[in-house]
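Tertiary structure, described
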Amino acid sequence: MAESRTPADVVARAARATDLADLDAAVADCFACPRLVDWREEVARTRRAAFRDQEYWGRPVPGFGAPEARIAVLGLAPAAHGGNRTGRVFTGDRSGEVLFAALHRAGLANQPTSVSADDGLTLRDTRIFAAVRCAPPENKPSPAERDTCAPWSYREVDLIRPTLRVVVALGAFAWAAWWPMLRHVYGVRPPSPRPSFGHGAHWSGTAVPELLGCYHVSQQNTFTGRLTPGMLDDVFARARQLAGLD
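Definitions and limits used
- Residues numbered from 1 in each chain as written.
- Predicted model: local features only at pLDDT ≥ 70, side-chain atom pairs only at ≥ 80, totals over all residues.
- Heavy atoms only, no water.
- Helix = DSSP H or I, 4+ residues; strand = E, 2+ residues; numbered from the N terminus.
- Rg over C-alpha atoms; globule rule 2.2 N^0.38 Å.
- Buried < 20%, exposed > 50% of the residue type's maximum accessible area, 1.4 Å probe, protein only.
- Contact = heavy atoms within 4.5 Å.
- Areas by Shrake-Rupley, 256 points an atom, 1.4 Å probe, with all protein chains shown as cover.
- Lys, Arg positive; Asp, Glu negative; His and termini not counted.
- Charge placed at Lys NZ, Arg CZ, Asp CG, Glu CD.
- Core = buried A, V, L, I, M, F, W, Y, C linked by side-chain atoms within 4.5 Å.
- Phe/Tyr/Trp six-rings, centres within 6.5 Å; stacked < 30°, edge-to-face > 60°.
- Lys NZ or Arg CZ within 6 Å of the ring centre and 35° of its normal.

Further remarks concern the overall build of the chain. Of regular secondary structure, the chain possesses nine helices and six strands. Relative to the globule expectation of 18 Å for 246 residues, the C-alpha radius of gyration of the chain, 17 Å, shows essentially globular dimensions. In terms of its C-alpha atoms, the chain occupies a principal-axis envelope of roughly 45 × 40 × 30 Å. Expressed as a percentage of the 246 residues in the chain, the buried residues total 55%. Put simply, 68% of the contacts in the chain that link residues at least 6 apart link residues at least 24 apart. Total accessible area on the chain is roughly 10900 Å²; 51% of this is exposed by carbon and sulfur atoms. Mean positive and mean negative side-chain charge positions of the chain (29 and 26 charges, respectively) differ by 4 Å.

Further remarks concern unusual backbone geometry. Most of the time, phi is negative for any residue but glycine, and the peptide bond is trans. Omega for the bond connecting serine 192 with proline 193 falls within 30 degrees of zero, at 0 degrees, which places this linkage in the cis form. Summarising the element assignment, proline 193 is placed in the loop between helix H7 (172-186) and strand E5 (202-203). Although it is not a glycine, phenylalanine 90 sits at a positive phi angle of roughly 55 degrees. Mapped onto the fold, phenylalanine 90 is located in the loop between helix H4 (83-86) and helix H5 (94-105).

Considering the arrangement of structural elements, one finds aspartate 24 in helix H2 (residues 20-28). Judged by its relative accessible area of 19%, aspartate 24 is buried. With residues near it in sequence (within four places) discarded, aspartate 24 still touches Pro62, Gly63 and Arg127.

For glutamate 156, the position within the fold is in helix H6 (residues 143-160). Its relative accessible area of 0% is what places glutamate 156 among the buried residues. If near-sequence neighbours (up to four positions away) are discounted, glutamate 156 is found in contact with Leu20, Leu23, Gly63, Arg127, Phe129 and Arg133.

Soluble globular proteins: nonpolar side chains tend toward being buried together. Core analysis: the biggest nonpolar cluster contains 35 residues, and Leu74, Trp152, Val157, Trp178 and Leu211 have the highest contact counts within it. Of all elements in the fold, only helix H1 (7-16), H2, strand E2 (71-75), H6, strand E4 (166-170) and H7 reach the threshold of two or more residues within this core. Of the residues forming this core, the biggest block, nine residues, is contributed by H7. Once you skip the residues sitting within four places of it in the chain, valine 157 turns out to touch Phe129, Leu164, Trp178, Met181, Val185 and Tyr186. Among the nonpolar cores identified, the runner-up in size contains 29 residues, and Val89, Phe90, Ala102 and Leu227 belong to it.

What follows covers the packing of aromatic side chains. Throughout the structure, instances matching the rule amount to five aromatic pairs. Here tryptophan 179 and tryptophan 203 contribute two aromatic rings whose centre-to-centre distance is 5.2 Å and whose plane-to-plane angle is 85 degrees, an arrangement assigned as edge-to-face. With a gap of 24 residues between them, tryptophan 179 in helix H7 and tryptophan 203 in strand E5 connect regions that are remote in the sequence. For the pair formed by tryptophan 179 and tryptophan 203, the shared burial category is buried. Three or more aromatic residues link up through ring pairs in this structure, and these residues are Trp175, Trp179, Phe197, Trp203 and Tyr215. Cation over ring: arginine 40 sits above phenylalanine 31, and NZ or CZ is 4.8 Å from the ring centre.

By the element assignment, tryptophan 57 lies in the loop between helix H3 (34-46) and strand E1 (64-65). Looking at tryptophan 57, the relative accessible area reads 31%, which means it is partly exposed. Remark: the alpha-carbon pair of tryptophan 57 and arginine 88, spanning 31 residues in sequence, is separated by 8.9 Å. For tryptophan 57, the contacting residues outside a window of four places in its chain are Ala28, Gly83, Asn84, Arg85, Thr86 and Gly87.

Such coordinate-based values are descriptive only and should not be taken to indicate function.
What follows is the structure, given as structure tokens:
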């Protein structure tokens, strides 16, 4: 498979993806953002002391979950020692512990933990992916990196479009990343002005998925009590309802 080395490569390769498995393989072979490539590979070489005996994934992290998803969970980017280590989004870090525990309570995951790519985790009616597929320094991708990566998400949403009913945006970055998808995937002009992000925010358009806002499951939010398990449960209960699962 040809590697994606430029933004134009990303656009072309994403458009050619025939299914989610093909898309996932293409995502993992992306080298289009030099700063992100350098960072993800440096982290994989140096490793955190707690994981020094493990081989890091050190590549872009594909989406994960049901191919006929009714709910999509859209995040920011993989964690340097989470998805960048394990090769699965929100896997092997504290944010993932919180997220998958909530999905399990909502009946959308078969187990409450996500520690490695081969731990037996499966999702029901749900797919998770990040707006930026590589771990960025300080968890802050640049606008150019965001835009270069966007075609992967456009194609992912397009492939699950027949069943997709609800998108849960984890944080303001993911909330903002959703609006261009309306134009690129659904041919719909995004609302102007853009609705403001907030926990529990709900935007509803015509012939497009419902959008729900949720504070990101970062330690900054969960350790401080800004985001509680109950708040997550409320969001995923609402997502289930809007998706027609209840």
